[in-house]
Amino acid sequence: MGYQEKYQAVIGLEIHAQLATKSKLFSGDSTAFGNTPNTQVSPISLAFPGSLPKLNKEAVTMAVKMGLACNCTIAEESFFARKNYFYPDLPKGYQISQHTHPICIGGKVSIKSDEGTRMVLLNRIHLEEDAGKSIHDILATDSCIDLNRAGTPLIEIVTEPDLFSAEEAWQYVTEIRKLVRWIGICDGNMEEGSLRCDANISVKLKGSEKLGTKVEVKNLNSIRNIKKAIEFEINRIIYELEAGNKIQQETRSYDADKDITFSMREKEEANDYRYFPDPDLPPIILTKEKIAEIKNSLPILPNEIFSILQKQYHLNEYDASQLCEEKLIVEFFEATAILSKEYKMIANWILGPVKQLMNEQQKTIHQLGLSPKRLASIITLTASGKVNFSTAASKLLPALLHNESDPEQLATSLNLLQNSNTADLEEWVNQAIEMMPDKVQAYQKGKKGLIGLFVGEVKKISKGKADPKIVTQLLEKKLNA
């Protein structure tokens, strides 16, 4: 038996999502990214003596939205606590967080694992403020501190130890990033630090109830790195166990360049932080009516729209899943589907040529300059055979982005309309047949697959104007004569 078959990894994730509020959790400082260091600060975020925090209501609403989207129980009463530890970029010497009374309790998130769809259990989602940022690569001998981020509102989404592979962890983080973007509470940009992940990893013998010693890998800042760091750490722990070594409970970091983790410090326990209720902040009180109001403000969630795409629009699982990756995309699909009943063709266009242009131009579907009405018009042109798909995708669609003309008028002016004139088509078909006498013989001896070769040749001769359906019919008639 190989080592991998002998052991079972057990993983819990803590994802910090920066809430998309305009101001910080306890002050009016801006949360904008990328501004001059230490310009988005105030006496509160700098922890001046006598300054008092005031809670950002919008941050509370966003935390509740995420809790509802994750099937959590929303606490009608929750509290803030002081988490005491010293870092140079934590001005107060403590972080305001929620410890014993989080705003969202329990919960579950659906992922697609190797065994199919399953639910990952959550422990909690709680509110807290972010620390500032220490920068070590500007000066040769000193670290620099930027406190613009200090006090930024975060939610921490904490799973139970309910993930069992790096692949499942990757699936889960992908789902959480999609969800926070979908409901509009976080931009999910890991490269800007808006979404960060800590992974708690242990390994146990398969079949054993007892969990192994937990190791935490901190501040993983891309989904790819999350997967790679967890894979490395699982293998490292198994190697240590097989060598007879004891696993240390510690905090580690991941070096993406070397694809290794390394030890930072021994892992703290909760009592090391000396939590106690924050005396400057009253409890958060949420009525049932307020929770219901927030719930009613949520959009249809990805799992619900996935089901609608399959049942109402008769899309297959793959197309429905791909459309559900982004809220703007699925909304564009539904807007186009009001104008055209060619649902499969709409999905093909959006997931194919439209998405390709979005990627090439680094734009959202709204920034692209294509309306649902104009896409529906292109689909009507291709469905009716007036323009073939390849020509419409490569020539008509890009031209439409910079032109206000009606799609059919533009196709006409660009000379893209297919020719259905039987006389012209017969002439092109005859030319193709005459050019390939050996292929004609092969076709007539049974190689019927060669019909595509003849159709392609007619397409070349006609410069893409020949209607392929009529061409195929003419070819079959002449070649079978």
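Our structure's up above, just so we're on the same page.
These figures come from a predicted structure and were not determined experimentally. (Residues numbered from 1 in each chain as written. Predicted model: local features only at pLDDT ≥ 70, side-chain atom pairs only at ≥ 80, totals over all residues. Heavy atoms only, no water.)

Here the focus is the pattern of salt bridges. Here the structure, examined in full by the defined rule, presents 22 salt bridges. Here Lys24 and Asp29 are joined by a salt bridge, their closest N and O atoms 3.7 Å apart. Classification of Lys24 as buried rests on a relative accessible area of 1%. Given a relative accessible area of 8%, Asp29 falls into the buried group. (Salt bridge = Lys/Arg side-chain N within 4 Å of Asp/Glu carboxyl O. Buried < 20%, exposed > 50% of the residue type's maximum accessible area, 1.4 Å probe, protein only.)

Turning our attention to the sheet that holds strand 4 (residues 81–84). As summarised here, the arrangement of the three strands in space is 5-4-16, forming an open sheet in which the pairing is antiparallel. The open sheet has two free edges, formed respectively by strand 5 (94–97) and strand 16 (276–277), since each of these has just one partner strand. The pairing of strand 4 with strand 16 spans two bridges and is antiparallel. Across the sheet, Ala81 pairs through a bridge with Pro277, a residue of strand 16. (Pairing = 2+ DSSP bridges. Helix = DSSP H or I, 4+ residues; strand = E, 2+ residues; numbered from the N terminus.)

Space inside the second largest pocket adds up to approximately 550 Å³. In terms of lining residues, the second largest pocket is bounded by 15 residues, among which Arg181, Glu325, Glu326, Lys327 and Met358 are the most central. For the lining of the second largest pocket, the secondary-structure elements that each account for two or more residues are helix 3 (166–182), helix 8 (327–337) and helix 9 (343–361). Looking at the lining of the second largest pocket, the element that brings in the most residues is helix 3, giving five residues. Looking at the lining of the second largest pocket residue by residue, the classes come out as three nonpolar, four polar and eight charged. (1 Å grid on protein atoms, 1.4 Å probe; cavity = no way out; pocket = protein on both sides within 12 Å on 5 of 7 lines; lining within 4 Å. Points joined across faces, edges and corners; volume = space filled by probe spheres on them. Nonpolar A, V, L, I, M, F, W, Y, C, P; charged D, E, K, R; others polar.)

A few words now on the side chain of Glu128. In this fold, Glu128 is placed in strand 8 (residues 116–129). Here Glu128 sits buried without a salt bridge, and the closest side chain of opposite charge, Lys83, lies 5.4 Å off (N-O distance). Separated by 3.2 Å, the side chains of Glu128 and His16 make a polar contact. Among residues more than four places away in sequence, those in contact with Glu128 are His16, Leu25, Gln95, Ile96, Ser97, Thr152, Pro153, Leu154 and Glu156. (Lys, Arg positive; Asp, Glu negative; His and termini not counted. Polar contact = N/O pair within 3.5 Å; in protein donor to acceptor, adjacent residues only side chain to side chain. Contact = heavy atoms within 4.5 Å.)

Structural measurements only, silent on function.
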